[in-house]
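Examination of the molecular architecture
Each chain, written out:
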Amino acid sequence: MINFKVFQPTVKWIKDDLRENPVRLLLEVFAWLMSISCAVLMMLTVPNPPFLLLYLAFIVQCMIFGWASYSRKSFGMLSNWLLLVWLPVTPMLFPECYSNLDLVLRKLLAGLG
């Protein structure tokens, strides 16, 4: 038999969070649904997924999660989401810095093999 009392603290936390900041909770649920949708879209479109669409959705959801972390004063989660936004955005903003990255990585990997 499943003891549902185990989930009571989590349900209480969600209710408290909804009372404290309903916009944050709704945006987090929206970002979570975006995440699941991206995973399903990737699965359905392999071997040629729409990477630009997936990347943009990924960046948006990371920004939402980052804002939610900031509003909770959670430095660890905020730094995680900032890094996840920074990684794909940097090559888009500064492509000249990454134009030879694939060549450098191939040489590095060839040297390891």
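Here, every reference points to the structure presented above.
The text that follows walks through the structure, step by step, so that each part is easy to find. (Residues numbered from 1 in each chain as written. Predicted model: local features only at pLDDT ≥ 70, side-chain atom pairs only at ≥ 80, totals over all residues. Heavy atoms only, no water.)

Let us now look at the packing of aromatic side chains. Per the stated rule, a full pass over the model turns up two aromatic pairs. Considering the side-chain rings of phenylalanine 4 and phenylalanine 7, the 6.3 Å spacing of their centres and the 40° angle between planes classify their relative orientation as tilted. The class for phenylalanine 4 is exposed, based on a relative accessible area of 59%. With a relative accessible area of 46%, phenylalanine 7 lands in the partly exposed category. (Phe/Tyr/Trp six-rings, centres within 6.5 Å; stacked < 30°, edge-to-face > 60°. Buried < 20%, exposed > 50% of the residue type's maximum accessible area, 1.4 Å probe, protein only.)

Axis separation between helix H1 (residues 8-20) and helix H2 (residues 22-45) bottoms out at 5 Å; the angle between their running directions is 120°. Considering the angle they form, H1 stands oblique to H2. Listed contacts from H2 to Ile14, Asp17, Leu18, Arg19 and Glu20 of H1 are Pro22, Arg24, Leu25 and Glu28. Split by residue class, the contact of H1 with H2 holds four nonpolar, no polar and five charged. (Axes fitted to C-alpha atoms, helices over the stretch in contact; angles between N-to-C directions. Helix = DSSP H or I, 4+ residues; strand = E, 2+ residues; numbered from the N terminus. Parallel < 35°, antiparallel > 145°, perpendicular 65-115°, else oblique. Contact = heavy atoms within 4.5 Å. Nonpolar A, V, L, I, M, F, W, Y, C, P; charged D, E, K, R; others polar.)

The subject of this paragraph is the side chain of glutamate 28. One can find glutamate 28 in helix H2. Residue glutamate 28 is classed as buried on the basis of its relative accessible area of 17%. The contact partners of glutamate 28, leaving out residues within four places of it in the chain, are Asp17, Ile64, Phe65, Ala68 and Arg72.

Ranked by size, the top nonpolar core spans seven residues in total: Ala31, Ile59, Cys62, Ile64, Phe65, Trp81 and Val85. Those elements that provide at least two residues to this core are helix H3 (51-71) and helix H4 (75-93). With four residues, H3 is the largest single contributor of residues to this core. In this structure alanine 31 touches Gln61, Ile64 and Phe65, once residues within four positions along its chain are discounted. (Core = buried A, V, L, I, M, F, W, Y, C linked by side-chain atoms within 4.5 Å.)

In the contact formed by H2 and H3, the axes pass within 9 Å of each other and the chain directions differ by 155°. On the basis of the axis angle, H2 is roughly antiparallel to H3. The chirality of how H2 crosses H3 is left-handed. Taken together, the residues of H3 that come into contact with H2 (itself represented by Arg24, Leu27, Glu28, Phe30, Ala31, Trp32, Met34, Ser35, Cys38, Leu41 and Met42) are Phe51, Leu53, Leu54, Ala57, Val60, Gln61, Ile64, Phe65, Trp67, Ala68 and Ser71. The residue inventory of the contact of H2 with H3, partitioned by class, reads 17 nonpolar, three polar and two charged. (Left-handed = near helix turned anticlockwise from the far one by under 90°.)

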